[in-house]
Amino acid sequence: LEAELGITPNGYSEPDFLGWEVKQFGVEKFSKIDSKIVTLMTPEPTHGFYKTNGAEEFIRKYGYLDVSGKPDRMNFGGVHKNGVLQKKTNLTLQLIGYDAKEGKIRDTNGRIVLLDDDKNETASWSFASMLLHWNRKHNQACYVPSISKIDNGRNYQFGNKIILGTGTDFLFFLKEMSNGNIYYDPGIKLENMSTKPKIKKRSQFRIKSGNLKNLYSTSEIIEIN
């Protein structure tokens, strides 16, 4: 989709196209766009064991052997929701410094954390860093459904019914995370771990497309020609 729009891949925390953050999400049918998973952003942790010791040591300590049996590989993945123990990683995601009842941040050092059984912060994302990224990049967002097929290579088709969201606030993000609608779903792996370790980093915060409306002051579905 970025290629079709002439967007050059980059790591900048700025909107993609004409002031809009553009994201695609896969669907089976273009008539059903409210029940698929959307990756909102992929920020690396700012604190915790992951930051101080590095991704490789983090995976070796908190990851698990590849469940499909790929040799010499460890993974770190699975859905991590607020207050729920993730059985594969044995870590629990928590929001520190966020008052869910009042919907306010109560601590300037507030953060999203992954805690182990001993309450050690294995990885965390400061509210300050997340807020800056979210408010800057997502104030105007466009979500485009896509269908991909393999036929002499992978081909994509994009639907003309898209979701637009305008006017956001990081507090909307925290509320959805507190409610369990936004969750951490990483796809981190360590390959060739006993020889020449190769790491793939992918820290994903995700949401079901039907809940996107909760992240914006105004949300609508429009059809374009």
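That block above? That's the structure.
If you're wondering where the values come from, they're calculated on a predicted model, not measured in any experiment.

K.L.:
Please clarify how the pairing of strand S15 (residues 187-191) should be interpreted in this entry.
P.N.:
Residues in a regular strand project their side chains so that they alternate between the two faces of the sheet. Where burial is concerned, the two faces of S15 differ: the one with Ile188 and Leu190 is buried and the one with Gly187, Lys189 and Glu191 is not. Sheet analysis places strand S4 (residues 73-77) next to S15, joined by five bridges and oriented antiparallel. Within S15, the residue paired with Arg73 across the bridge is Glu191. Adjacent in sequence and paired antiparallel, S15 and strand S16 (residues 198-200) are bridged by six residues, among which Asn192 carries a positive phi angle near 50°.

K.L.:
Looking at this model, I keep getting lost on unusual backbone geometry. Mind explaining?
P.N.:
In this structure, Asp72 takes a positive phi of about 60° despite not being glycine. Owing to a relative accessible area of 29%, Asp72 belongs among the partly exposed residues under this scheme. The backbone of Asn192 shows a phi angle near 50°, a positive value even though the residue is not glycine. Following the sequence through the fold, Asn192 ends up in the loop between S15 and S16.

K.L.:
What is the right way to read the environment of His80 from this model?
P.N.:
Relative to the helices and strands, His80 is located in the loop between S4 and strand S5 (85-86). Looking at His80, its side chain comes within polar contact range of the main-chain oxygen of Gly78, at 2.7 Å.

K.L.:
Looking at this structure, how should I read helix H4 (residues 170-178)?
P.N.:
Along an α-helix, a turn takes 3.6 residues, which lines up residues three or four apart on a common side. Among all positions of H4, only Phe170, Phe173, Leu174, Glu176, Met177 and Ser178 are buried. Between the side-chain oxygen of the N-cap and the backbone nitrogen of Leu171 there are 2.8 Å, and the N-cap of H4 in question is Asp169. Gly180 occupies a position one or two residues after H4 and carries a positive phi of about 90°.

Each value, and the rule that gives it
- Residues numbered from 1 in each chain as written.
- Predicted model: local features only at pLDDT ≥ 70, side-chain atom pairs only at ≥ 80, totals over all residues.
- Heavy atoms only, no water.
- Buried < 20%, exposed > 50% of the residue type's maximum accessible area, 1.4 Å probe, protein only.
- Helix = DSSP H or I, 4+ residues; strand = E, 2+ residues; numbered from the N terminus.
- Pairing = 2+ DSSP bridges.
- Polar contact = N/O pair within 3.5 Å; in protein donor to acceptor, adjacent residues only side chain to side chain.

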